[in-house]
Amino acid sequence: MSTEVPAKGSIVELRGSLGKIALASGEVIQLSLSKCDGFEPRIGRSCYVCEIGIDDRFGAVVEATRILTTTDFELLQMFDRRTDDEVSYEWVRSLGFEIREQLAARIVDLLADASPDDHALKGLFRYLAEISPQVFHPFLDRLDPALSLEAFRGALVSSLARYVQHLTTSDVSPADQGAAAALLALASSADPHALTIVRSYVARTCSDADAFEIADSLLHETGHALLTSLEIVRWQYDVCYELEPAPLDGDRAPAVMWLIDELHRCGACGAALTCVLRVEAAAIRGLRDGEPLEVVTCSSCILEVDPYFVRYRAPGAPETLLVAPLPEGFSPGEPLEPSSEVRVYPRPAPTLRSAFSEPSPYAGSYNRVGGVPTWLQPPRVIRCPQCDDVMMFIAQASD
Ligand SMILES: [Zn+2]
Ligand SMILES: [Zn+2]
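This structure is a prediction, so every number in the text was calculated from the model and none was measured.

1. Considerations on the coordination of the zinc ion (ligand 1)
Within the first shell, the zinc ion (ligand 1) binds the protein through Cys266 (SG), Cys269 (SG), Cys298 (SG) and Cys301 (SG), at distances of 2.2 to 2.4 Å. Written as a sequence motif, the donor residues of the zinc ion (ligand 1) are C-x2-C-x28-C-x2-C. Here Cys266 is found in the loop between β9 (255-265) and β10 (272-279), whereas its partner Cys298 is found in the loop between β11 (293-297) and β12 (309-312), with 32 residues between them in sequence.

Structure (structure tokens):
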């Protein structure tokens, strides 16, 4: 019988310096305990035999000469095959937590001198950091918040000690790289104490307009807006979904885009409103008990009346909310929407950070719920015309 490797097996016998491994094929081969580098052999332990040789001391006996634990083997496979095609968000989501922790340690080692072309490594980092930022928290001292911000999300202040120290004592504006890094790291923390430190830093150093603007744009990266009162408010939900077209003959899709709402008319031009997106509440985490999520606009006026506000005094009854009188001789533009509705599925997706939403295999879709928007114009925060609160970003759609 010829033995094919790598082969999964488990240790079935240990005697002195030798043992036996039963391979998945049924074959039993010899194990020399000196080859078990880095793990403790014990009966029942599963492992991968990566290389074999022939031990001819007592006749030709097939012997395992390189053995790895199952976890290490799977990790090596991941790294060996990290190509843009195979490193997928779904694949990283399918990994167990222990593997994710080991993967994080290895990625941090590799990132230090990775080739700029190793997009798969960066994609792997980004997916893992978005899915499980906590696996990177032991390594935050080795990561730069300006380049690896996802990894800092939700970190405890205790793992950000050096940034706390820096921002508490800094008296330079966030135009300074070190101060900017500390601000990004602390604003990504889930700890309210961290935001308090950021706020007092901003109060101390950002009295001029330029510094304020830099602080605001850094905070924007972390899903916050800086108000002139120096209050820091959040505009981003942590949920993030991409909207994928549903198969034509599939089950009823939980979401639909570009639905013409003949019952509700634009308050500016009188045309039927367009429901850009309607998602059943059950399809989106965090909305389960609510009404369907709707994003409504007028596809003729959206460019002429910007921002185009819609208010709901009752569920399912959108009304145009004009905040300024229409200009003299106002006329709506050509309607923007595709001419027919599209049924879609929301799928959990890695689109937390707009900086990554440039065209690339890891860009994600422009049709999304939650996360951050991809901007054509400079990012802006929209405030409610009625109560002046910062509005949360809910969804983005492209035609
Ligand atoms: Zn209109
Ligand atoms: Zn409001």
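Back to the write-up after that little detour.
2. Some words on the packing of helix α3 (residues 97-111) against helix α4 (residues 119-131)
Two numbers describe how α3 lies on α4: the axes approach to 10 Å, and their chain directions differ by 135 degrees. By the angle between their axes, α3 is oblique relative to α4. Crossing hand, α3 versus α4: left-handed. Here Arg100, Leu103, Ala104, Ile107, Leu110 and Leu111 of α3 lie close against α4, whose contacting residues are Leu121, Leu124, Phe125, Leu128 and Ile131.

3. So, the packing of helix α1 (residues 70-80) against α3
Relative orientation of the contacting elements α1 and α3 amounts to 50 degrees, with a least axis distance of 11 Å. Relative to α3, the element α1 is oriented oblique. For the element pair α1 and α3, the recorded crossing hand is right-handed. Contacts between α1 and α3 involve Thr71, Asp72, Glu74, Leu75, Leu76, Met78 and Phe79 from the first element and Ile99, Gln102, Leu103, Arg106, Ile107 and Leu110 from the second. Here the contact of α1 with α3 is composed, by residue class, of 8 nonpolar, 2 polar and 3 charged.

4. A closer look at the coordination of the zinc ion (ligand 2)
Geometry sets the ideal angles at a metal, namely 109.5 degrees for four tetrahedral donors and 90 or 180 degrees for six octahedral donors. Distances from the zinc ion (ligand 2) to its protein donors, Cys384 (SG) and Cys387 (SG), fall at 2.2 Å. Under the relative-accessibility criterion, Cys384 is labelled buried at 17%. Cys387 gets classed as partly exposed once you look at its relative accessible area, which sits at 46%.

5. Quick notes on the side chain of Ser300
Position of Ser300 among the secondary structure elements: in the loop between β11 and β12. For Ser300, a relative accessible area of 10% corresponds to the buried category. With residues up to four places along the chain from it excluded, the contact list for Ser300 reads Cys269, Pro332, Gly333, Glu334 and Pro335.

6. Looking at the pattern of salt bridges
Counting across every chain of the model gives 13 salt bridges. Across the pair Arg347 and Glu242 runs a salt bridge, and its minimum N-O distance is 3.0 Å. Taken together, the residues Arg347 in strand β14 (residues 342-348) and Glu242 in strand β8 (residues 240-245) connect sequence positions 105 residues apart. Arg347 gets classed as partly exposed once you look at its relative accessible area, which sits at 24%. Exposure remark for Glu242: the relative accessible area of 9% places this residue in the buried category.

Cut-offs used in this document
- Residues numbered from 1 in each chain as written.
- Chains lettered and ligands numbered in written order.
- Predicted model: local features only at pLDDT ≥ 70, side-chain atom pairs only at ≥ 80, totals over all residues.
- Heavy atoms only, no water.
- Donors = N, O, S within 2.8 Å, 3.2 Å for Na, K, Ca; no water.
- Helix = DSSP H or I, 4+ residues; strand = E, 2+ residues; numbered from the N terminus.
- Axes fitted to C-alpha atoms, helices over the stretch in contact; angles between N-to-C directions.
- Parallel < 35°, antiparallel > 145°, perpendicular 65-115°, else oblique.
- Left-handed = near helix turned anticlockwise from the far one by under 90°.
- Contact = heavy atoms within 4.5 Å.
- Nonpolar A, V, L, I, M, F, W, Y, C, P; charged D, E, K, R; others polar.
- Buried < 20%, exposed > 50% of the residue type's maximum accessible area, 1.4 Å probe, protein only.
- Salt bridge = Lys/Arg side-chain N within 4 Å of Asp/Glu carboxyl O.

Nothing here speaks to function; it is geometry throughout.
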